[in-house]
Amino acid sequence: MRTFSVAMVISVGFLAATVLAIRSRRLRDQAALLWLGVAVLLVVASVLLPLGVLDHIAHTVGIVYASDLLLSLAVVFLVVLVFHQSVQLAETKDRQTALTQEIALMRVEPPAFAKAGHLQLEADPLRLPSSDVFDRPDRPRP
Amino acid sequence: MREFTDEVNVAVEGEADQWDTDRLGEDDCEGVDVDPETDVLDAEPLADEDSSSPVVQRRLCVIIPAYNEAPAIGQVVRNVRAAMPTAHVLVVDDGSRDTTAHEAALNGATVMQLPLNLGIGGAVQAGYRYAQRYDFDIAIQVDGDGQHDPREAQRILEPIERGEADLVVGSRWLGRGAYVAPKGRRIGMRILAAMVTRGTAGTITDSTSGFRAVGRRGIALFAEKYPTDFPEVETLVLAARQGLRVQEVGVRMDQRVAGESSLAGVKSAYYMLRVCMMLLVDGLRRRGRG
């Protein structure tokens, strides 16, 4: 019964923290849904803990202890999450690089011949790389 | 491929700071066998098959990436301007914390200041984006630390001006000047040269040289995408995959005065390993994508 109480306190506390974070907009969109789902799952798992349901599920998939089942699921979940975040980090870094260069390009003095008007610049001065980094629905891809 | 760190905070002294440590080849590589047939120095002098077209002044942009090079950058800019008087000299200041930008501007360069430190790859790419935006015909990269002799630039520019190549690399190994290389780098440099040579279908002996020039196709390609991990090596493979004609010419380079660290052997082996891994990763990438 003590395990049950501890599990309940932790999972309900986590659910509350998630809801608070969403309300204060520190979690958004997909991340909000994801963590809300995880929190609810944790609460459900805590409820099922004393009923022996988890042990039953573990046995049917060939795992002896319910705790091993939960641990395995947690590891898989975390690996997928980290992979996803590292993809997003790379994307964010590409955008940051492009923006940094763009700011520098806006501030730098053009060469003399460009100032003299010999050069016709393209219509869109904010011509950004046409990679999917700047894939925006309102801007048609070239 | 990247460390999972807070890039913005680390940028100042973190991974983006690849300026010296990661650019082995510049001062410490052992020569690789040179196939005399590919030595452009021995090629016939000025071919004038293009003599029908009128002589037009080509717009040349010198891209000088610089990070905390205040003591050297002024002299570099003066040397470059003396060697290439008609060229537009652009110093890309990669978020230096010293007076690099000021020194460069004082000596007559146009200075592009990056608000964040991007590392050599991001800085050079900014230069190429400038060259593309202002419609330059040729861009030549010269390092901001003075190890490249701008008087040698004409050798690199020639194959592009003649329309024979899209990307020309200045090599220390092709017979100009006595470059004394420390031992222990031979095997690594050979493997690297072999890998790059396979990718470029031509002999590249000095794949880490940052002394290079490109024509319009190269400017367009590098403005669009430019590798950040080992840009000197990776750009060669990228350019070749995109069908650019890559050539190498011999140039004289100043040897850096800095003494050699006892860790250099280990470091260069580690560098080699990382470059090889990176080339493998590049090989997995779909063509036509960054």
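Residues numbered from 1 in each chain as written. Chains lettered and ligands numbered in written order. Predicted model: local features only at pLDDT ≥ 70, side-chain atom pairs only at ≥ 80, totals over all residues. Heavy atoms only, no water.

1. Topic: the confidence of the model for chain A
Parts of the model with low pLDDT should not have their predicted coordinates read in detail.
Residue and element names in this part refer to chain A.
1) Next: Model confidence for chain A is summarised by a mean pLDDT of 81, while 80% of its residues fall at 70 or above.
2) Next: Helix α5 (residues 112–115) is the least confidently modelled element of chain A, averaging 76 in pLDDT, while helix α4 (residues 66–107) averages 93, the highest of any element.
3) Next: Overall, residues 122–142 carries pLDDT values under 50, and its contacts beyond four positions in sequence, including any with other chains, amount to 27 contacts. (pLDDT = per-residue confidence, 0-100. Helix = DSSP H or I, 4+ residues; strand = E, 2+ residues; numbered from the N terminus. Contact = heavy atoms within 4.5 Å.)

2. Quick notes on the nonpolar core
1) Next: Core analysis: the biggest nonpolar cluster contains 36 residues, and B:Val92, B:Met112, B:Tyr128, B:Tyr130, B:Phe136 and B:Phe222 have the highest contact counts within it.
2) Next: Of all the secondary-structure elements, those providing two or more residues to this core are α4 and α5 of chain A together with β1 (60–66), β2 (88–93), α4 (119–133), β5 (167–171), α7 (216–224) and α8 (231–241) of chain B.
3) Next: Among the elements that make up this core, the one with the highest residue count is α4(B) (seven residues).
4) Next: Filtering out sequence-adjacent residues up to four positions away, B:Tyr130 remains in contact with A:Leu105, A:Val108, A:Glu109, A:Pro110, A:Pro111, B:Cys61, B:His88, B:Leu90, B:Thr110, B:Met112 and B:Phe136.
5) Next: Counting 30 residues, the second largest nonpolar core, distinct from the first, contains B:Ile73, B:Ile160, B:Val168 and B:Phe211. (Core = buried A, V, L, I, M, F, W, Y, C linked by side-chain atoms within 4.5 Å. Buried < 20%, exposed > 50% of the residue type's maximum accessible area, 1.4 Å probe, protein only.)

3. Section: the confidence of the model for chain B
1) Next: Mean pLDDT for chain B: 76, with 66% of residues reaching 70 or above.
2) Next: Taken together, the stretch residues 1–14 of chain B has pLDDT below 50 and engages in 25 contacts with residues farther than four places along the chain or on a different chain.

4. Regarding the environment of B:Gly74
Residue and element names in this part refer to chain B.
1) Next: Within the secondary structure layout, Gly74 lies in helix α2 (residues 70–83).
2) Next: The buried category is assigned to Gly74, whose relative accessible area is 6%.
3) Next: Gly74 sits 94 residues away from Val168 along the chain, and the two C-alpha atoms are 26 Å apart.
4) Next: The residues contacting Gly74, other than those within four sequence positions of it, are Glu103 and Asn107.

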